[in-house]
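Overview (structure and organization)
For reference, the chains in residue letters:
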Amino acid sequence: MKNKAVKDLIHEKRPIQVLISTILLIISAIFSAWITIPNLTPVFKFTGIVELAITSILLVCSYLMFQRDKLETGTLITTGLGLLITLYSLSVKATDLALLFRGIIPLLVGLASFRMMKETRRKVWLAKIRGFWFEFSHNKIGLIGLVMLLIFIFVAIFQDPVAALSYPDPEARSLAENFARPSWIGIFDPSCRNLPPTLNYTLDWEPQSIPENVTIKREGDIWFIRYNGTGAQVIVIAMNATMYYPYDPPYRFYYRFIWGASPGFVAGRATASYSLEINLTTPEGKVYPIWDQHWEKYKATDCYIYGRLLNGTYVKYPGGPEYQKYFEHQEKPWLPKLYDRPGYGIYSAYYGGEIPRWKSTVTNTSVVYTTTRYPPIRLGFKEQHTREMTQALFYPSGNFTFQLYVTIVPTQENATCEVRISQFRVDVPGLVWGLLGTDYLGRDCWSRLVYGARISLAVGLSASIIATSIGIFIGLAAGYIGGIVDEAAMRLVDILLCLPVLPILMVMVTFFGRSIMYIILIIAIFGWQGLSRLIRSMVLSIREAPFIECARASGGTTGYIMAKHLLPNVLPIALADFILAVPGAIILEAALSFIGFGDPTTPTWGREYSIMQELGAVFQVGPGIIWWWFIPPGLCITLLCVAFVFIGHAVDEIVNPRLRRRR
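All figures in this text were calculated on a predicted structure; none of them were measured in a lab.

**Topic: the overall build of the protein**
Secondary structure assignment for the protein yields 22 helices and 14 strands. Each of the 663 residues in the protein was classed as buried or not, and the buried ones make up 47%. Taking as baseline every contact in the protein between residues at least 6 positions apart, the subset at least 24 positions apart corresponds to 76%. Surface exposure of the protein reaches about 32,800 Å², of which carbon and sulfur atoms provide 63%.

**Description of the nonpolar core**
By size, the foremost hydrophobic cluster in this structure holds 88 residues, and its most contacted members are L476, I535, L566, W605, W629, L640 and F644. When residues in this core are grouped by element, the largest group, 18 residues, is from helix α14 (residues 445–481). The next biggest cluster of nonpolar side chains, apart from the first, holds 45 residues, and it includes Y201, I237, W291 and L404.

**Looking at the confidence of the model for the protein**
When pLDDT is averaged across the protein, the result is 76; 77% of the residues are at 70 or more. Confidence drops under pLDDT 50 across residues 4–13; counting only partners more than four residues distant or on other chains, this segment forms two contacts. Within the model, pLDDT remains below 50 along residues 297–357, and this stretch shows 98 contacts once partners closer than five positions in the same chain are excluded.

**A closer look at the pattern of salt bridges**
Taken as a whole and assessed by the stated rule, the structure comprises 18 salt bridges. Among the salt bridges present, the one from E418 reaches R420, with a minimum N-O distance of 3.0 Å. Considered together, E418 and R420 belong to a single accessibility category, that of buried residues. Close ionic contact of E544 with R543 constitutes a salt bridge, the shortest N to O distance being 3.5 Å. Assessed through its relative accessible area of 22%, R543 is described here as partly exposed. What you see here is one network of salt bridges that share partners, running through E171, D439, R443, R448, R607 and E608.

**Here we look at the packing of aromatic side chains**
In this description, an aromatic ring pair is defined by two values, namely the gap between the centres and the angle between the planes. As enumerated under the stated definition, the model contains 22 aromatic pairs in all. Geometrically, the ring pair formed by F257 and W291 is edge-to-face, given 5.2 Å between the ring centres and 85° between the ring planes. Here F257 is found in strand β6 (residues 254–263), whereas its partner W291 is found in strand β10 (residues 287–292), with 34 residues between them in sequence. One exposure class covers both F257 and W291, and it is buried. Measuring from centroid to centroid gives 6.4 Å for W259 and W291, while their planes differ by 65°, and the two rings are edge-to-face. Note that W259 is positioned in strand β6 and W291 in strand β10, a separation of 32 residues in sequence. The exposure class assigned to W259 is buried, which follows from its relative accessible area of 3%.

**Considerations on unusual backbone geometry**
For the bond running from Y395 to P396, omega is -5°, close enough to zero to count as cis. Phi at F179 takes a positive value of approximately 60°, unusual for a residue other than glycine. Not every positive phi belongs to a glycine, and N213 is a case in point at roughly 70°. Here N213 lies in the loop between β2 (206–209) and β3 (214–219).

**Some remarks on the sheet that holds β2**
On the basis of which strands lie adjacent, the open sheet formed by five strands has the order β2-β5-β12-β9-β10 and antiparallel pairing. Each end of this open sheet is capped by a strand with a single partner; those strands are β2 and β10. Sheet twist, expressed as the mean angle between neighbouring strand axes with direction ignored, is 30°. Pairing analysis gives eleven bridges linking strand β5 (residues 235–245) to strand β12 (residues 398–410), with the strands arranged antiparallel. Following the sheet pairing, Y244 is matched in β12 by N399.

**Focus: the pairing of β5**
Burial analysis of β5 places eight of its eleven residues in the buried class, the great majority of the element. Examined bridge by bridge, β2 and β5 share three bridges and lie antiparallel to one another. Its bridge partner being in β5, E206 is matched across the sheet by N240.

**Some remarks on helix α16 (residues 501–512)**
For α16, built from twelve residues, the straight-helix expectation of 16 Å at 1.5 Å per residue is met to within 8% by its first-to-last C-alpha distance of 16 Å. When we look at burial in α16, the residues that qualify are L505, M508 and V509. All buried residues of α16 project into a common sector of 100° when viewed along the axis, lining one side. Of the exposed residues in α16, the ones pointing more than 90 degrees away from its buried face are V507, T510 and F511. Those residues of α16 hidden inside the fold are in contact with α17 (516–525) and α20 (558–594).

**Section: the pairing of strand β14 (residues 424–428)**
Counting buried positions along β14 yields four of five residues, so the element is predominantly enclosed. In this sheet, β14 lies alongside β6 in antiparallel orientation, the contact comprising three bridges. Along β14, the bridge assignment pairs Y254 with D427.

**A closer look at helix α18 (residues 529–542)**
Taking 1.5 Å per residue, 14 residues should reach 20 Å; α18 reaches 20 Å between its end C-alpha atoms and fits that length. Those residues of α18 not exposed but buried are Q529, L531, S532, I535, M538, V539 and I542. Its buried side turned inward, α18 meets α14, α15 (483–498), α17, α19 (546–553) and α20.

**What to know about the environment of L83**
Structurally, the position occupied by L83 is in helix α4 (residues 71–91). Take L83: its relative accessible area is 39%, and that puts it in the partly exposed class. Expressed as a C-alpha distance, the spacing of L83 and L108, which sit 25 residues apart in the sequence, is 9.4 Å.

**A closer look at the packing of α14 against helix α22 (residues 627–655)**
Where α14 meets α22, the axes come as close as 11 Å, and the angle between the chain directions of the two elements is 30°. With respect to α22, the axis of α14 lies roughly parallel. Crossing of α14 against α22: the hand is right-handed. Residues C445, L449, S456, L457 and L461 of α14 pack against W628, W629, P632, P633, C636, L640 and F644 of α22. A breakdown of the residues in the contact of α14 with α22 according to their chemical character gives eleven nonpolar, one polar and no charged.

Thresholds applied
- Residues numbered from 1 in each chain as written.
- Predicted model: local features only at pLDDT ≥ 70, side-chain atom pairs only at ≥ 80, totals over all residues.
- Heavy atoms only, no water.
- Helix = DSSP H or I, 4+ residues; strand = E, 2+ residues; numbered from the N terminus.
- Buried < 20%, exposed > 50% of the residue type's maximum accessible area, 1.4 Å probe, protein only.
- Contact = heavy atoms within 4.5 Å.
- Areas by Shrake-Rupley, 256 points an atom, 1.4 Å probe, with all protein chains shown as cover.
- Core = buried A, V, L, I, M, F, W, Y, C linked by side-chain atoms within 4.5 Å.
- pLDDT = per-residue confidence, 0-100.
- Salt bridge = Lys/Arg side-chain N within 4 Å of Asp/Glu carboxyl O.
- Phe/Tyr/Trp six-rings, centres within 6.5 Å; stacked < 30°, edge-to-face > 60°.
- Pairing = 2+ DSSP bridges.
- Axes fitted to C-alpha atoms, helices over the stretch in contact; angles between N-to-C directions.
- Expected span 1.5 Å × (residues − 1).
- Arc of directions from axis to C-beta.
- Parallel < 35°, antiparallel > 145°, perpendicular 65-115°, else oblique.
- Left-handed = near helix turned anticlockwise from the far one by under 90°.
- Nonpolar A, V, L, I, M, F, W, Y, C, P; charged D, E, K, R; others polar.

What follows is the structure in structure tokens.
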């Protein structure tokens, strides 16, 4: 008989599953304790207390799992804890072992433990679920709310691919112009149909003239221009790169390339000097000298570059206000020539053929055009009028040609010089972008909206789960135990109900830190009082019922009666309160973020409004009202809260017979 009992134990699946579940929870508790200890010493940390509580709950759950008669309670607690921690971890993008051992493993153990319940008990649970769904499916408002909630849950779970429909990184800046309109705006506004999207051109140079003693060779994306000859004749190599631009003029543009030069040296002296410049020719044939190596180096400095003028004097190289003053007051007829010929052609004609400041050193430079006040001045525009300059350069649309001139002057016999030029890249920030345009930093509004959905859901659900759990526990204890426990709990509830919630939340967030975890806990602390009073009143009426008297007479302990008889009777009301508490938690988080007390590292919907408030009058900047930035977050907050309210009212009608309507 003894051997038969052992065989039955071995072949029975339930004890083995219970043992595996208990071991997994103990391992999770050990890991949680291992990472909790550093946060408790040497200085008190609030996070350490929270982690210690999680460790303790995991140990309690492992004990409840091992006790077969307490399996149902252990299943509920384990599943709730795993779901709560998983939601929080996903909201802050946690991918470490804490998510696995504290969230995923307890959640899976809890879901698997449901199958280990006794057959009759499991059938009771399934019957209740089916009955609840039957009632809920006949409530149209509830179904509408459920569909809305499922849409938000889908976006939160698959936020990366959903955000990638526009751009995957919500913090990436300068994706387009600040306050760029949505790309589909042209469907409804004909004036926006030809606005440029963000364009990135990679242009390749094409040699136009190859003088004698010059060889040009391409290796990868680098052009090598090599000169090897004699004499004092100036060598000019021209290379073109063509760009087709079919849109309205942009506000800005950038270009970048890498160039280098290596003249030969004999007896410590360079055998050649060199100079580079780039001009832009518009479809109308206007030529703008947009860059040369000297301008790039001295555009914002006070260095003097000397050139021989007709009167034999020296002037400052055009790199500041003196350039504008010189051309306006001394040689005003020269101004129109800036648009008709390359920049060095001016110096060549009026300086007697001498070009100022040749380079004769080994150089390797990465050129990145940035917006300063000097390029507009050089091209004849006013200081800092970059937008006006860019719109003049890019009008009308068509083929734009960048001309690169490499000039080499031999200074000794048998001169050699090598110039290296990489591919030419032109970046045009778009005036339209993505599904919802950009904000004041050129960040994608759609991806920031999508990433805010997960955080709002996580905050609302997590804070409500914690607050509901606290409210159930205190309401059961106060209503059933009574006496000093009831008096102390209700006086605490009275005090908390009298306190102004938002100012207290602001103080506590300032004290503990502006992180999502603290915000969830603080919101939960002030969200359980009403539920605890409601449950207490229900327990006061139930505890004198005959079935409670029978359980007490049969020797049932206080904990057993509260868990097995009182808790199932108050759970429907707690469920309805939990669902209706989620919108309040979401709005509280948005309010905290709006007034600057939210987590600054996460793109929440409330934080977007905080940024708008800090900027001031952003709604009338640039293209007008920036509706694509400030309307969607508020609309999402409203729809998510309405979804929970619809579901909450439907659940309230189901669990409260007085509210049921005849069908």
